Amino acid sequence: MIRRALTRSELPLSRRALREAVTHGHLLRVRRGRYLPASAHPDIVAAARLGCRLDCVSLLRSLGVFVLDHAALHVHAANGSSRLPLPGDRVVRHWRACADAAGTVVVDLVDALAQSCRCQDPRSAIATLDSALHLGLIDEDGLTEVFRRLPARFAHLRRLLDPRAESGAETLMRLLLRTLPCSVQVQVRINGVGRVDFVVDGWLIIECDSRAHHEGWDAQRNDRRRDLTAATLGYTTIRPMAEDIFFRRDELRETIAAILRHRPVAAR
């Protein structure tokens, strides 16, 4: 990922060649005397044009980390910055001290993760941290540094993390299941079926389907065959949609609670 905007003196171009590179779109002039390559992520370009750095959930999303709400552009402005352009309605500007070198256009990953915990509700923050851990973008030492930069009230989030979660939907489902009186196994391998996201009370399989990984007939056909095999072994499988896990948690919780109350006789 591009981390700095280059000055004219850092570019091996004459003034004329520089003007032509900007005119033809090979370079982007983001601020006076500052340039980015045309390949730079659009959010980085937008942040740099505001005299800021890409921050928080916006930076994390650009790295492939799960964030639930990414409607706004989150940027960092260093304390004491002046004459910055007006940010606009869909921009969230975070003010704090910055030790980064001049010209940087993104904050460091630990800073972005810490800020994302402040900006999101606790469940979403846990899902973001799970995702960063699962992707290998941060290790336990880095995680310790994230929580060092946060107020003490955030410390309880760490014991709820689980890097085995392969998606934000899995994290949010795991947290939902914690609120129910049931036993939960995560990432369970079942002979003949393969690995499933959750087994609840020993008989209910919950798979957290997302459009990205379960779209298309081939994927659906494989899922249905797995569910049939699981049924022959005495399991019941449900596949809540990601949008329900994200935005209809209370209704989904009541539905799962009702299912668990009507467990099969053999599982009682």
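Here, every reference points to the structure presented above.
Residues numbered from 1 in each chain as written. Predicted model: local features only at pLDDT ≥ 70, side-chain atom pairs only at ≥ 80, totals over all residues. Heavy atoms only, no water.

## Let's talk about the overall build of the protein chain
Secondary structure assignment for the protein chain yields 11 helices and 10 strands. With the C-alpha coordinates aligned to their principal axes, the bounding extent of the protein chain is approximately 80 × 45 × 35 Å. Looking at the protein chain as a whole, 44% of its 268 residues qualify as buried. Long-range pairs, those at least 24 residues apart, make up 56% of the contacts in the protein chain with a sequence separation of at least 6. Carbon and sulfur atoms make up 50% of the accessible area of the protein chain, which totals about 14,700 Å². On the protein chain, the mean spot of the 41 positive side-chain charges and the mean spot of the 31 negative ones are 7 Å from each other. (Helix = DSSP H or I, 4+ residues; strand = E, 2+ residues; numbered from the N terminus. Buried < 20%, exposed > 50% of the residue type's maximum accessible area, 1.4 Å probe, protein only. Contact = heavy atoms within 4.5 Å. Areas by Shrake-Rupley, 256 points an atom, 1.4 Å probe, with all protein chains shown as cover. Lys, Arg positive; Asp, Glu negative; His and termini not counted. Charge placed at Lys NZ, Arg CZ, Asp CG, Glu CD.)

## A look at the sheet that holds strand β8 (residues 194–200)
Read from one edge to the other, the open sheet built from four strands follows the order β7-β8-β9-β10, with strand pairing classed as mixed. The outermost strands of the open sheet, each flanked by one partner alone, are β7 (184–190) and β10 (236–238). Between one strand axis and the next, the sheet turns by 40 degrees as a mean value, whatever way the strands run. In the sheet, β8 pairs with strand β9 (residues 204–206) via three bridges, with the strands oriented antiparallel. The residue bridging Phe-198 from the neighbouring strand is Ile-206, located in β9. In the packing of helix α7 (residues 168–177) onto the sheet, the strands contacted are β7, β8 and β9, and the crossing angle to β8 comes to about 30 degrees. (Pairing = 2+ DSSP bridges. Axes fitted to C-alpha atoms, helices over the stretch in contact; angles between N-to-C directions.)

## Thoughts on the environment of Leu-84
Inspection of the secondary structure assignment puts Leu-84 in the loop between β5 (73–78) and β6 (91–96). Taking C-alpha positions, Leu-84 is 5.9 Å from Gly-51, a pair spaced 33 residues apart along the chain. Setting aside residues no more than four positions away along its own chain, Leu-84 makes contact with Arg-31, Leu-50, Gly-51, Cys-52, Ala-77, Arg-93 and Trp-95.

## Considering the sheet that holds strand β3 (residues 34–37)
Across the sheet, three strands lie side by side as β1-β3-β2; this open sheet has antiparallel pairing. Each end of this open sheet is capped by a strand with a single partner; those strands are β1 (6–7) and β2 (27–31). Those strands touched by helix α2 (residues 42–49) are β2 and β3, and its axis lies near 35 degrees from that of β2.

## What to know about the nonpolar core
For soluble globular proteins, the rule of thumb is that nonpolar side chains tend to be buried together. Judged by nonpolar contacts, the single largest core of 45 residues is most densely connected at Leu-36, Leu-129 and Val-146. Breaking this core down by element, the ones donating at least two residues are α2, α3 (56–62), β5, α4 (109–119), α5 (122–134) and α6 (140–148). When neighbours within four sequence positions are excluded, Val-146 is seen to be in contact with Val-110, Leu-113, Ala-114, Leu-129 and Ile-138. Ranked by size, the runner-up nonpolar core spans 25 residues in total, among them Phe-66, Leu-172, Met-173 and Val-200. (Core = buried A, V, L, I, M, F, W, Y, C linked by side-chain atoms within 4.5 Å.)

## Looking at the packing of aromatic side chains
What the rule picks out here adds up to two aromatic pairs. Judged by centre distance (5.5 Å) and plane angle (40 degrees), the rings of Phe-66 and Phe-246 are tilted. Here Phe-66, found in the loop between α3 and β5, pairs with Phe-246, found in helix α10 (residues 242–247); they are 180 residues apart in sequence, far enough to count as distant. Looking at Phe-66, the relative accessible area reads 15%, which means it is buried. Between Phe-246 and Phe-247, the ring centres sit 5.9 Å apart and the planes meet at 80 degrees, which makes this aromatic pair edge-to-face. The exposure class of Phe-247 is exposed, given its relative accessible area of 60%. Ring pairing ties together the aromatic residues Phe-66, Phe-246 and Phe-247, which thus form one cluster. (Phe/Tyr/Trp six-rings, centres within 6.5 Å; stacked < 30°, edge-to-face > 60°.)

## Observations concerning the pairing of β7
With six bridges connecting them, β7 and β8 associate as antiparallel partners. What sits directly across from Val-188, in β8, is Val-196. Turn length for the β7-β8 hairpin, with the two strands adjacent in sequence and antiparallel, is three residues, and the turn residue Gly-192 shows positive phi of about 85 degrees.

Geometric values such as these leave the question of function open.
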